[in-house]
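Here's the letter readout for the chains.
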Amino acid sequence: MLLAALAASRSCASHNREVSQDEAVEIATEAAGFTPCTERSCVVVRAVQRGIPVRLYWIVGLAESLDESGRPLRFRNFVIDAETGDITQS
């Protein structure tokens with residue numbers, strides 16, 4: 001019974017996404033105050049489920065530029081609520 005409830009809560013959470021990954025990147029970019037560079041590693045996005053009941057958040061990392069080694073020089077990280085689009089941490 002518990003497993004069925006857990007599976008149902010996870011499947012419901014995945015269907016309630018209102019903010020897409022691309023929208024989360026746009027929200028983070030507006031809040032960062034800079035446009036991330038065009039290299040692939042300048043924008044990193046992860047989906048994370050938190051809480052009970054489970055709620056989806058996007059973790060978005062943005063880098064303005066990279067050094068010669070490919071490490072970000074100026075960067076910001078954001079946690080964005082996937083239901084509301086609110087930035088919960090930056």
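Relevant structure appears above.
Rules used throughout
- Residues numbered from 1 in each chain as written.
- Predicted model: local features only at pLDDT ≥ 70, side-chain atom pairs only at ≥ 80, totals over all residues.
- Heavy atoms only, no water.
- Helix = DSSP H or I, 4+ residues; strand = E, 2+ residues; numbered from the N terminus.
- Buried < 20%, exposed > 50% of the residue type's maximum accessible area, 1.4 Å probe, protein only.
- Polar contact = N/O pair within 3.5 Å; in protein donor to acceptor, adjacent residues only side chain to side chain.
- Contact = heavy atoms within 4.5 Å.
- Patch = residues over 30% accessible without salt bridge, like charges linked within 9 Å, V, L, I, M, F, W, Y side chains within 5 Å.
- Areas by Shrake-Rupley, 256 points an atom, 1.4 Å probe, with all protein chains shown as cover.
- Salt bridge = Lys/Arg side-chain N within 4 Å of Asp/Glu carboxyl O.
- Lys, Arg positive; Asp, Glu negative; His and termini not counted.
- Charge placed at Lys NZ, Arg CZ, Asp CG, Glu CD.

Undergrad: Explanation requested: the side chain of Asp81 in the structure shown.
TA: Turning to its location among the elements, Asp81 is positioned in strand β3 (residues 72–81). When its relative accessible area of 5% is taken as the criterion, Asp81 is described as buried. Polar side-chain contacts of Asp81 include one of 3.3 Å to the backbone nitrogen of Thr84. Each residue touching Asp81, except ones within four places of it in the same chain, is listed here: Val19, Arg55, Leu56, Tyr57, Asp86 and Thr88.

Undergrad: I keep staring at a negative patch on the surface and nothing clicks. Help me out?
TA: A cluster of acidic residues, Asp22, Glu23, Glu26 and Glu30, forms a negative patch on the protein surface. Mapped onto the secondary structure, Glu30 falls in helix α2 (residues 21–32). Given a relative accessible area of 68%, Glu30 falls into the exposed group.

None of this, on its own, says anything about what the molecule does.
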